[in-house]
Amino acid sequence: MALKRFAWQEFFLFFLSTAPMKLIHIRKTIFLSLLLLIGLPFFFYGGPSYHSARSFQAAWNLGHILYFSLFTALLLTLIEKKVTTWPPLRVFISLFALVLGLGVGIEFLQSITGGRSPDMEDVVRNQIGCMLAFAFFPQPQRSQHKNFFSLLKTIAILCLLPALCPVTQALIDEQTARFQFPVLADFETPFEKSRWMNTRQLNNEKSLVRHGAGALRVQLSTAKYSGTTLFHFPENWQGFSLLHWSAYNPQPEALTLTLRINDTEHKQHSSAYDDRFNKKFILQPGWNDLVVNLKQVRHAPKGRTMDMQHIESLGLFVVQQDKSKEIILDHFYLTR
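This one's a predicted model, so the numbers in the text were calculated from it and none came from an experiment. (Residues numbered from 1 in each chain as written. Predicted model: local features only at pLDDT ≥ 70, side-chain atom pairs only at ≥ 80, totals over all residues. Heavy atoms only, no water.)

(A) Molecular detail of the packing of helix H3 (residues 63-78) against helix H5 (residues 120-136). At a minimum axis distance of 7 Å, the contact between H3 and H5 shows a crossing angle of 45°. The orientation of H3 with respect to H5, classified from their angle, is oblique. Once H3 is placed against H5, the crossing between them reads as right-handed. Here His64, Ile65, Phe68, Ser69, Thr72, Ala73 and Leu76 of H3 lie close against H5, whose contacting residues are Asp122, Arg125, Asn126, Ile128, Gly129, Cys130, Leu132, Ala133 and Phe134. When its residues are assigned to classes, the contact of H3 with H5 shows nine nonpolar, five polar and two charged. (Axes fitted to C-alpha atoms, helices over the stretch in contact; angles between N-to-C directions. Helix = DSSP H or I, 4+ residues; strand = E, 2+ residues; numbered from the N terminus. Parallel < 35°, antiparallel > 145°, perpendicular 65-115°, else oblique. Left-handed = near helix turned anticlockwise from the far one by under 90°. Contact = heavy atoms within 4.5 Å. Nonpolar A, V, L, I, M, F, W, Y, C, P; charged D, E, K, R; others polar.)

(B) Representation of the side chain of aspartate 263. By secondary structure assignment, the location of aspartate 263 is in strand E6 (residues 255-263). On the accessibility criterion, aspartate 263 (0% relative accessible area) is buried. Polar contacts involving the side chain of aspartate 263 include one to the side chain of arginine 304, which spans 2.9 Å. Engagement of the side chain of aspartate 263 in a polar contact is seen with the backbone nitrogen of aspartate 307, the distance being 2.9 Å. Once residues lying within four places of it in the same chain are set aside, the contact partners of aspartate 263 are Arg304, Met306, Asp307, His310, Ile311 and Glu312. (Buried < 20%, exposed > 50% of the residue type's maximum accessible area, 1.4 Å probe, protein only. Polar contact = N/O pair within 3.5 Å; in protein donor to acceptor, adjacent residues only side chain to side chain.)

(C) Structural view of helix H6 (residues 146-180). Taking 1.5 Å as the rise per residue, H6 with 35 residues should run 51 Å; its terminal C-alpha atoms sit 50 Å apart, in good agreement. Leucine 164 marks the point of greatest bend in H6, at about 35°, and the proline proline 166 comes within the next four residues. (Expected span 1.5 Å × (residues − 1). Bend = angle between axes of the 7 residues up to and from the residue.)

(D) Examining helix H2 (residues 54-61) more closely. Turning to H2, its buried residues are Arg54, Ser55 and Ala58. Taken down its axis, H2 places every buried residue within 95° of arc, on the same side. (Arc of directions from axis to C-beta.)

(E) Representation of the pattern of salt bridges within the structure. This model, assessed by the stated rule, comprises 13 salt bridges. A salt bridge links arginine 125 to glutamate 121; its shortest N-O distance comes to 3.3 Å. You can see arginine 125 and its partner glutamate 121 sitting in helix H5, four residues apart, about one turn around the helix. For the salt bridge of aspartate 263 with arginine 304, the shortest nitrogen-to-oxygen distance reads 2.9 Å. Of this pair, aspartate 263 sits in strand E6 while arginine 304 sits in the loop between helix H7 (294-298) and strand E9 (311-319), and the two are 41 residues apart along the sequence. When salt bridges that share partners are traced, they join Arg54, Asp173, Glu192 and Arg195 into one network. (Salt bridge = Lys/Arg side-chain N within 4 Å of Asp/Glu carboxyl O.)

This is the structure we're talking about:
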């Protein structure tokens, strides 16, 4: 009887000593699982729009790193007791491959359910998240393999830094754009080119400039519409009278270039041609200094007045050229 009582007491003491650890483990598992379930729909719905601030777009992309860090942490929590005999490199490779397969699968599902194109950069961000979690999340084997985990931490941080660059660059240029206003673009600062769309057709120009030390060279293709669009600038043009800009035509013949301007309400009107400002300019060979009266912009939409406090984009394009051409743009600014 004494033996039974002693065995029961030993069991009770063992339960009391291990119960807090088991409870913490269960809570951790539930917490990580809930976070992952909450975050999963954002892979398919929501997110930044075409016109969203670059910093928001870049920060949203970092969500892949966060999500797969949490996912890897959950896996490490679940398998903590089962793989203690495995070398950490084997565990890491197994989890890395699992995250890779899952990430590729999500990109495929996005393409067929969310109308998005697969993005291999997102897959790379997933792997960075996996690496960060494995390198820094507490594990039983950490003390026995210090050199391996130290090396993995270094590699993970070196991989993370380039992923953070787009957010940093966007924040710097957004602040620069606010400081420059009412100058919209003058191509004097490092990241101004990212304010324009179709960046593969754009190059910084240093030899042919109209103002300052820089300009923007735009490659024009033979597509039906070819050009570029400025999206990221302070949107309140209320109180300004004129838009000034310069364009260089390196061709020996004149070139017809169309300028379009729209506000944020434009997309509510199906982005119709007659719901925005459109004006054709004949660019003569060499530099052309051009001016737009903003009263014409304000009254351009059919059946309404353009919201000059919420101007969204300024586009420049040519129509169906017989051969590839180029123009150089410089010094877009507003005056009162």
